[in-house]
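The lines below spell out each chain.
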Amino acid sequence: MESQEWDQRYACRELVWTAEPNQFVVAELQDLAPGRALDVGAGEGRNAVWLASRGWEVTAVDFSAVAVDKGRRLAEDRGVAVDWVCADVRDYEPEPASFRLVLIAYLQLREAELDRVLRRAGTALAPGGVLLVVGHDVTNLTEGTAGPQDPAVLYTPGSIAHSLGDLTVVRAERVRRPVAGSARDAVDTLVRAVRA
């Protein structure tokens, strides 16, 4: 989907997603000491706002102007500051070696586009920085529920880890996430890596 389609989707109701952060983002990052963070494909800003509430200096990037506006409102409601950037992450060039954390949550792009985004994310990390990637796994099509139905935009732990260049992968696995109103869990890929 392109930005205009996401604008329409985000405009159709107050929040497409919840205002609360993703459970894996919380579990993986709650003990990390704050610094500069980059949220790539931030959507309505739930993870960016949560990070800012924990003392992070957050830059949140998304190509939907409607989502960015909603993120700004959420940050204002929560009394936190986030640097909002309306840009297509497929073209966005983050500052090299300048972030303690780069977060990519549910950015479902085709492999070549995602590979470029992941490589740029890796170069944006400062020494000791953490990259966290969470997204819909390809096995969600047969074992899970909801999410995109196009296998070309779904993750595997191996495909994500393959695009991380010289980062050290510390966790790459499939994880299950409860979905309200469904008897089945969703299946996600979770990859955490660090810059030496």
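These figures come from a predicted structure and were not determined experimentally.

Basis of the calculations
- Residues numbered from 1 in each chain as written.
- Predicted model: local features only at pLDDT ≥ 70, side-chain atom pairs only at ≥ 80, totals over all residues.
- Heavy atoms only, no water.
- Helix = DSSP H or I, 4+ residues; strand = E, 2+ residues; numbered from the N terminus.
- Contact = heavy atoms within 4.5 Å.
- Phe/Tyr/Trp six-rings, centres within 6.5 Å; stacked < 30°, edge-to-face > 60°.
- Lys NZ or Arg CZ within 6 Å of the ring centre and 35° of its normal.
- Salt bridge = Lys/Arg side-chain N within 4 Å of Asp/Glu carboxyl O.
- Buried < 20%, exposed > 50% of the residue type's maximum accessible area, 1.4 Å probe, protein only.
- Pairing = 2+ DSSP bridges.
- Axes fitted to C-alpha atoms, helices over the stretch in contact; angles between N-to-C directions.
- Right-handed = clockwise from strand over helix to strand, strands pointing away.

Observations concerning unusual backbone geometry
Look at Ala 97: it is not a glycine, yet its phi comes out positive at around 50 degrees. Following the sequence through the fold, Ala 97 ends up in the loop between β3 (82–86) and β4 (99–105). A positive phi angle, close to 60 degrees, is found at Tyr 106, a residue other than glycine. Note that Tyr 106 resides in the loop between β4 and α5 (111–124).

Quick word on the environment of Ala 186
As for its position among the elements, Ala 186 is in strand β7 (residues 186–194). Considering only alpha carbons, one finds Ala 186 and Thr 156, 30 residues apart in sequence, at a separation of 14 Å. Excluding residues that lie within four positions of it along the chain, Ala 186 makes contacts with Asn 140, Gly 144, Thr 145, Val 175, Arg 176, Arg 177 and Val 179.

Observations concerning the packing of aromatic side chains
For the structure on display, the rule yields zero aromatic pairs. Taking NZ or CZ as reference, Arg 36 lies 4.4 Å from the ring centre of Phe 99, over its face.

Topic: the pattern of salt bridges
Tallied over the entire structure, the rule returns 17 salt bridges. Across the salt bridge formed by Lys 70 and Glu 44, the nearest N and O atoms sit 3.0 Å from each other. Here Glu 44 lies in the loop between β1 (36–40) and α3 (46–53) and Lys 70 lies in helix α4 (residues 65–78), a separation of 26 residues in the sequence. As far as the burial class goes, Lys 70 and Glu 44 line up, both buried. For Glu 113, the salt bridge is made with Arg 90, and the minimal N-O distance between the two is 3.5 Å. Here Glu 113 is found in helix α5, whereas its partner Arg 90 is found in the loop between β3 and β4, with 23 residues between them in sequence. A residue is classified by how much of its surface remains accessible, and Glu 113, at 24% relative accessible area, is partly exposed.

So, the sheet that holds strand β6 (residues 168–177)
Reading across from one edge, β3-β2-β1-β4-β5-β7-β6 is the order of the seven strands in this open sheet, with mixed pairing throughout. This sheet does not close on itself; its edge strands, each paired only once, are β3 and β6. Averaged over all pairs of adjacent strands, the angle between strand axes in this sheet comes to 15 degrees, irrespective of strand direction. Note: β1 against β4, four bridges, orientation parallel. Across the sheet, the residue bridging to Ala 37 is Leu 101, located in β4. Packing against the sheet, α3 makes contact with β1, β2 (57–62), β3 and β4, and its axis sits at approximately 155 degrees to β3. Packing of α4 onto the sheet brings it into contact with β2 and β3, and relative to β3 it is tilted by some 170 degrees.

Notes on the pairing of β2
For β2, a buried count of five out of six residues is recorded, marking the element as mostly surrounded by other parts of the structure. Pairing analysis gives five bridges linking β1 to β2, with the strands arranged parallel. Bridging from a neighbouring strand, Asp 39 pairs with Ala 60 of β2. In this fold, β1 hands off to α3, which returns the chain to β2; that crossover is right-handed. Handedness of the β-α-β unit built from β2, α4 and β3 comes out right-handed.

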